[in-house]
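Structural description and commentary
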Number of protein chains: 4
Amino acid sequence: MSSWGNGVKISIFGESHGGGIGVVIDGLPSGEHIDRDALLLQMARRAPGKDKAATPRSEADQPEILSGLLNDTTTGAPLCAVIRNTNTRSQDYGNVLSCPRPSHADYTGFVRYKGFNDIRGGGHFSGRLTAPLVFAGAVARQILLRKGIRIAAHICSVGNITDKRFDPANIPDALMERLSSAVFGLIDVGQEKPMRELIEDCRLHCDSIGGTIECAVTGVPAGVGSPMFDGIENVFSSVLFGIPAVKGVEFGDGFDGTLLRGSQHNDAFYYDGDTVRTKTNRHGGILGGISSGMPIVFRTAIKATPSIAQEQNTVDLQTKTNTVLSVNGRHDPCVVVRAVPVVESAAAVAMLNLLKDVNML
Amino acid sequence: MSSWGNGVKISIFGESHGGGIGVVIDGLPSGEHIDRDALLLQMARRAPGKDKAATPRSEADQPEILSGLLNDTTTGAPLCAVIRNTNTRSQDYGNVLSCPRPSHADYTGFVRYKGFNDIRGGGHFSGRLTAPLVFAGAVARQILLRKGIRIAAHICSVGNITDKRFDPANIPDALMERLSSAVFGLIDVGQEKPMRELIEDCRLHCDSIGGTIECAVTGVPAGVGSPMFDGIENVFSSVLFGIPAVKGVEFGDGFDGTLLRGSQHNDAFYYDGDTVRTKTNRHGGILGGISSGMPIVFRTAIKATPSIAQEQNTVDLQTKTNTVLSVNGRHDPCVVVRAVPVVESAAAVAMLNLLKDVNML
Amino acid sequence: MSSWGNGVKISIFGESHGGGIGVVIDGLPSGEHIDRDALLLQMARRAPGKDKAATPRSEADQPEILSGLLNDTTTGAPLCAVIRNTNTRSQDYGNVLSCPRPSHADYTGFVRYKGFNDIRGGGHFSGRLTAPLVFAGAVARQILLRKGIRIAAHICSVGNITDKRFDPANIPDALMERLSSAVFGLIDVGQEKPMRELIEDCRLHCDSIGGTIECAVTGVPAGVGSPMFDGIENVFSSVLFGIPAVKGVEFGDGFDGTLLRGSQHNDAFYYDGDTVRTKTNRHGGILGGISSGMPIVFRTAIKATPSIAQEQNTVDLQTKTNTVLSVNGRHDPCVVVRAVPVVESAAAVAMLNLLKDVNML
Amino acid sequence: MSSWGNGVKISIFGESHGGGIGVVIDGLPSGEHIDRDALLLQMARRAPGKDKAATPRSEADQPEILSGLLNDTTTGAPLCAVIRNTNTRSQDYGNVLSCPRPSHADYTGFVRYKGFNDIRGGGHFSGRLTAPLVFAGAVARQILLRKGIRIAAHICSVGNITDKRFDPANIPDALMERLSSAVFGLIDVGQEKPMRELIEDCRLHCDSIGGTIECAVTGVPAGVGSPMFDGIENVFSSVLFGIPAVKGVEFGDGFDGTLLRGSQHNDAFYYDGDTVRTKTNRHGGILGGISSGMPIVFRTAIKATPSIAQEQNTVDLQTKTNTVLSVNGRHDPCVVVRAVPVVESAAAVAMLNLLKDVNML
């Protein structure tokens, strides 16, 4: 379903070409001031075609807050934000899905919903539905920041072009702040050019490309999270896989770490004044599902956009024959860039729940 | 927490050196015959020191079923199984944690539970707590098999020694059956020798090693799973990260797939008789969170056991000083082998919930 | 919180004087036709000042459906409906609560939300928030009716003026149909006059009056519901107590039934053709939390509206002194009448979840 | 299902004649000392045939705590307690249900579980399953008492013999303490004799009798609970209806209160020093689902035990004919007495969750 969370619940609704999309956030603490400009900045980072724009405001993606906020302060009641769809066309598509796009949810959605799902623009499976998640994340991160918790991600790779990774044992606030408002977020900004060139090459070839996003959460005190099924990894991943195109999540050293021996992988504890820290942070700030006080660091794998203009083999579900499909319309050749604030938002919403669980919210 | 699931809930309890461990499974369909020998076979695959043993039975790890089963058939009431701890020692440890083992949950558990957690043998964080999960999985897979759904995993890698991977578009039942009862499960059995040599080398050096496990679920019809937060990836990962030492989960081509262009990564649909299939299966059987009818394939990263006999730097929480620790006792130099049935079990329990969600249970 | 349900979740949002109120319904089956006129009819039954109006439409309470519906048919994606608030005034109340109204949520909401809750018109505690519940119920009952399940309630009492009760062993479809669209629903329509007189007397005396509502759900097959905490009584009551002013819920013979001996209270089974029925239905269609196939019958206690124009003693939370309060504005002297469709709606939403739980949705 | 709760979850398992019954409590705070004698005292209040016994200990109903407790202090890990069934007989009943007892769950359980449920002694529907709930409640109330929260109930009525009711605006600690350990709990102890006479009369006539239980929770600060579906009434009732035979729940003045006008029913606020209180407490300590700081008071309706030795009409499900049934065995002619600690326990478990929800646990 499109509802998530226990202590703080989000319920995301909408379809790409319906009346509107949005989110209800239930369980927010009262008395939290919400800066609307900061909200819009986050929305703008995700919005299509915005990454070189001068203005962070896009009337089309402007969320309208219907409830839960009074004098820009949370009331404790559910906060609902609605974003109107402006590309809704009046003609009836008849909702006939003939040829599902390869590696898209067209076919599986068709089977799951017996052909009744709204297929226009991907319907509820559209990447557009990440906008309400970013809205929720933008609310969450303002609350988290007041508790000293920062969340920022960067484009870790586009195809085989890689950014530097976080030094997980030492992530400066200044870097976190820079990244958390960046539109093309990189630790090594020198990689923007080759990445953009690769993306442009994909566009020219009517193709797309995947990549990875690395995200850090700093300022989380030790002791947040619960064993087994409510650990930080479980909670984070259960939201992260809600982002279309995410096919993998790893924490700390993740898959690479499996090559190491225990003596190499273990992170020694030491006292830094009165604070227990680890010299290295291969554990990604999480041990036994619970925060260690070190930065939480994880990476997500984002597959190449399946919507490409090249001809592809597929089936015709009406005639039950094999056929060939060309996807029309302009599609993003690399969603990794715009997915950065979405990943941060998923982490922010997850973090809010984890804090609530240990009475810190 | 140690409870998981909606339609079918599991609640795992126990501590390594307490009275016993076990699981309550609530929401099982009634009328399902449970083969106790098949249950014990799965328990034996996970049990310590069993991988060359002749007998699948270990009295010590024998689950006692207290409820939910009558004449070896599920009654529909909660099924509770208890496994006694036999290594419980009577002396009082005083529960004083002085020196947390690096990269273990000792420290984070201490902070989370304010020092009241049972630290003996890792307490509730012990790998022993995967036994009840294997029990639940063993029940689940019997129900799933009756619906044509098979679950099997293999040791995909130990350190840098790798097994062959599944051909995700074509996984024969015979392979699934062989792997699902194997103790050292490999597709290419020739890799057992070098893997065992590497593990033995780690043991001799008082060290440990990580690895990866690849798991397949076959026979799942198209249309299982829900968008966003109840997709197959979300549900699977929320259980998988409940297994100690799991630091990453990827579906289909996962992280490697991010290197590919859409034209390479997309899986073309075709009609195989009346059935829609894909020629390749880079999507790992999941599109938009929903099964496509192709095998579900995923990999998990298992970090090296943190408990190693080498001296390691750590802190003394009582004296608040830095110190050096040697972990005593015999520890498994590579938990990957025994984690194979645990991963399968997590998948089985997850699958049960996903089926329930679409009225197939 | 304002979210409810597992298989089918509703998330209600809004505040009396905010931008709007509404509901997200997640988990609806796809392919269900929704009759908008039938929706509006139910909304009109609850709307204020409508009970003698000629038109069932009130532009002010017109729900806008933003998602989940295509060609008036459910898509399977979350269905969101928004109802605009038209009485939002621009001036800032400053949100200063001085004098909480006795027996209203003013004081408890103030403490719970540390003074940040929107107090205008009761905010999120307002009876106006039952409109989204009626919307959700109106959707649910259309789906239920297609399965032969009817839901209807009547004003069982206003103060000491009582209607006849259902004969719980025999409730004709015609009565269910009449009541489920009635505005002043009574089994014995002759009681409308004395009830209206009592209500009018209360209004004239700046007072209010309580009452009870009896509701029946017919057509539910035997075997719906689960033991202990997911029984029909648990599920129904957990929604019913979400209706403001509900202070009691009883099923079957309820409190009166406690006066009876087992030999009097037990309902004998008999075969009516191939169907097992009971001759009497003191059990209210529920045994062990599970439906027996007999009509489900329950009653709810609705307390007198606390907002009365008479002077009342209360406190001033700013000055911390005792004081006297007169509530201004026109208030409904008896909410029982308008609560009838709300109670039905709660039952409808509950029923949808119960059916989902046993794979009947 | 038999699992309940969010912040603190209980999962109850077992069948009357299976291997054992018990409960897993997940989410308890760590560091809470648990007095085992106090636990056993509560268990003894519920145990059959104990109400005149000298010893509070019954070996047969002795719970074994398998986990979650170390040195009699909660570890924060799930606490599991198992109570062995000693009346398990080896012969196979064949589990053939022929003639369902009127007004019992025999028939509905049979339909729900397709005949596979364990019918011996009522199986999972047996009143015996309230023992694990009392265990959980006994743990919960010790934690609550440390926060100043007391829970006590009394037999409010047996048939038409009534006890005095609580003065809801003024419930002394001494009364709470006396009732919370009483075996035949009454405010007016003079009513014990007529109540026992009525019960004995029912027994002699092979009959049974219903009654009501009134319960108070004192010491709850204002501001606990949430609007709509997580209000105190919702949460309490969702557990209370998990007790077999409970057919109604009312808070404050409940059904009787519906006869009153607002001017009579409203409870005026006043300052008692710095504390806001109400002079009367018809609202039962709850306004808008949230505690007001006044005692929480509610009543539950308990129907007469359906198992009576008189001949009753029922059906034979095997032969599909009408027949006559005599229930054998000794059955409690009035479960109200033993249900008192069960009701308190439900309230205690509910209260724990409500406190967790507002960060007070």
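This text goes with the structure placed above it.
Residues numbered from 1 in each chain as written. Chains lettered and ligands numbered in written order. Predicted model: local features only at pLDDT ≥ 70, side-chain atom pairs only at ≥ 80, totals over all residues.

A few words on the overall build of chain A. A count of helical and extended segments in chain A gives 9 helices and 18 strands. Scaling as 2.2 N^0.38, a compact globule of 361 residues should have a C-alpha radius of gyration of about 21 Å, and chain A matches this with 21 Å. Principal axes of the C-alpha set define a box for chain A whose edges measure 70 × 50 × 40 Å. When each of the 361 residues of chain A is scored for burial, the buried share is 65%. Long-range contacts, defined here as pairs at least 24 residues apart, represent 73% of the contacts in chain A between residues at least 6 apart. (Helix = DSSP H or I, 4+ residues; strand = E, 2+ residues; numbered from the N terminus. Rg over C-alpha atoms; globule rule 2.2 N^0.38 Å. Buried ≥ 20, exposed ≤ 12 C-beta atoms within 10 Å, placed from the backbone. Contact = placed C-beta atoms within 7 Å.)

In screw terms, the move from chain A to chain B is a rotation of 180° and a rise of 0.0 Å along the axis, fitting with an RMSD of 0.0 Å. The relationship between the two copies is best expressed as a two-fold rotation axis. Here 100% of the contact residues of chain A are again contact residues in chain B; the copies associate through an equivalent surface. (Least-squares fit on C-alpha atoms with pLDDT ≥ 70 in both.)

All right, on to the sheet that holds strand 2 (residues 9-14) of chain A then. All names here are of chain A. Spatial ordering of the open sheet is given by 1-2-3-7-4, a layout of 5 strands whose pairing is antiparallel. Taken across any chain shown, the strands that pair with only one partner, and hence form the sheet edges, are strand 1 (3-4) and strand 4 (64-67). Bridge count between strand 1 and strand 2: 2 bridges; the pairing is antiparallel. The partner of Trp4 across the bridge, within strand 2, is Ile10. Contacting strand 2, strand 3 (20-26) and strand 7 (79-84), helix 3 (residues 130-145) runs over the sheet at an angle of about 35° to strand 3. (Pairing = 2+ DSSP bridges. Axes fitted to C-alpha atoms, helices over the stretch in contact; angles between N-to-C directions.)

Counting residues at the interface gives 43 residues for chain D and 43 residues for chain B. Of all elements in the fold, only strand 2 (9-14), strand 3 (20-26), strand 4 (64-67), strand 6 (73-74) and strand 7 (79-84) of chain D reach the threshold of two or more residues within the side of chain D that touches chain B. Ranked by residues supplied to the side of chain D that touches chain B, first place goes to strand 3 of chain D with 5 residues. For the side of chain D that touches chain B, a count of residues per class yields 13 nonpolar, 22 polar and 8 charged. (Nonpolar A, V, L, I, M, F, W, Y, C, P; charged D, E, K, R; others polar.)

What follows covers the pairing of strand 12 (residues 269-272) of chain A. All names here are of chain A. The pairing of strand 12 with strand 13 (residues 275-278) spans 4 bridges and is antiparallel. Its bridge partner being in strand 13, Tyr270 is matched across the sheet by Arg277. Between strand 12 and the antiparallel strand that follows it, strand 13, lie 2 residues; Gly273 among them carries a positive phi value of about 65°.

Moving on, we come to the interface of chain A and chain B. Of the residues lining the interface, 87 residues belong to chain A; the matching set on chain B comes to 87 residues. With 3 bridges joining them, strand 11 (residues 246-251) of chain A and strand 11 (residues 246-251) of chain B adopt antiparallel strand pairing. Bridging across to strand 11 of chain B, A:Glu250 finds its partner in B:Gly248.

Residues and elements named next belong to chain A. Look at helix 5 (residues 192-204): 18 Å from first C-alpha to last across 13 residues, which is about the 18 Å you get at 1.5 Å a residue. Of the surrounding elements, those touching the buried residues of helix 5 are strand 8 (150-158) and strand 9 (161-162). One or two steps after helix 5, the chain reaches Cys206, where phi turns positive at roughly 55°. (Expected span 1.5 Å × (residues − 1).)

Moving on, we get to the pairing of strand 8 of chain A. Residues and elements named next belong to chain A. Among the 9 residues in strand 8, 9 count as buried, and that is most of the element. Both strand 8 and strand 10 (residues 211-218) contribute to a ladder of 8 bridges, which runs antiparallel. Of the residues in strand 10, the one forming a bridge with Ala152 is Ala216. Taken together, the 2 bridges between strand 8 and strand 9 define a ladder with antiparallel strand orientation. Residue pairing across strands places Ser157 opposite Thr162, the latter belonging to strand 9. Count of turn residues in the strand 8/strand 9 antiparallel hairpin: 2 residues, of which Gly159 carries a positive phi of about 55°.

This part is about the environment of B:Gln264. Residues and elements named next belong to chain B. Among the structural elements, Gln264 can be located in helix 8 (residues 262-265). On the basis of neighbour counts, which here come to 16 C-beta atoms within 10 Å, the residue Gln264 falls in the partly exposed class. Here the alpha-carbon distance between Gln264 and Arg282, two residues 18 residues apart in the chain, equals 9.4 Å.

Rotating chain D by 180° and moving it 0.0 Å along the rotation axis overlays it on chain B with an RMSD of 0.0 Å. When the interface residues of chain D are mapped onto chain B, 100% of them are again interface residues, pointing to one common binding face.

Another aspect to go through is unusual backbone geometry. In the Ramachandran plot, A:Ser103 falls in the positive-phi region, its phi being about 60° despite a non-glycine side chain. Among the secondary structure elements, A:Ser103 is positioned in the loop between strand 7 and helix 2 (106-112). Owing to 29 C-beta atoms within 10 Å, A:Ser103 belongs among the buried residues under this scheme. Of note, B:Asn359 is a non-glycine position whose phi angle comes to about 60°, a positive value. Along the chain, the position of B:Asn359 falls in the segment after helix 9 (336-357).

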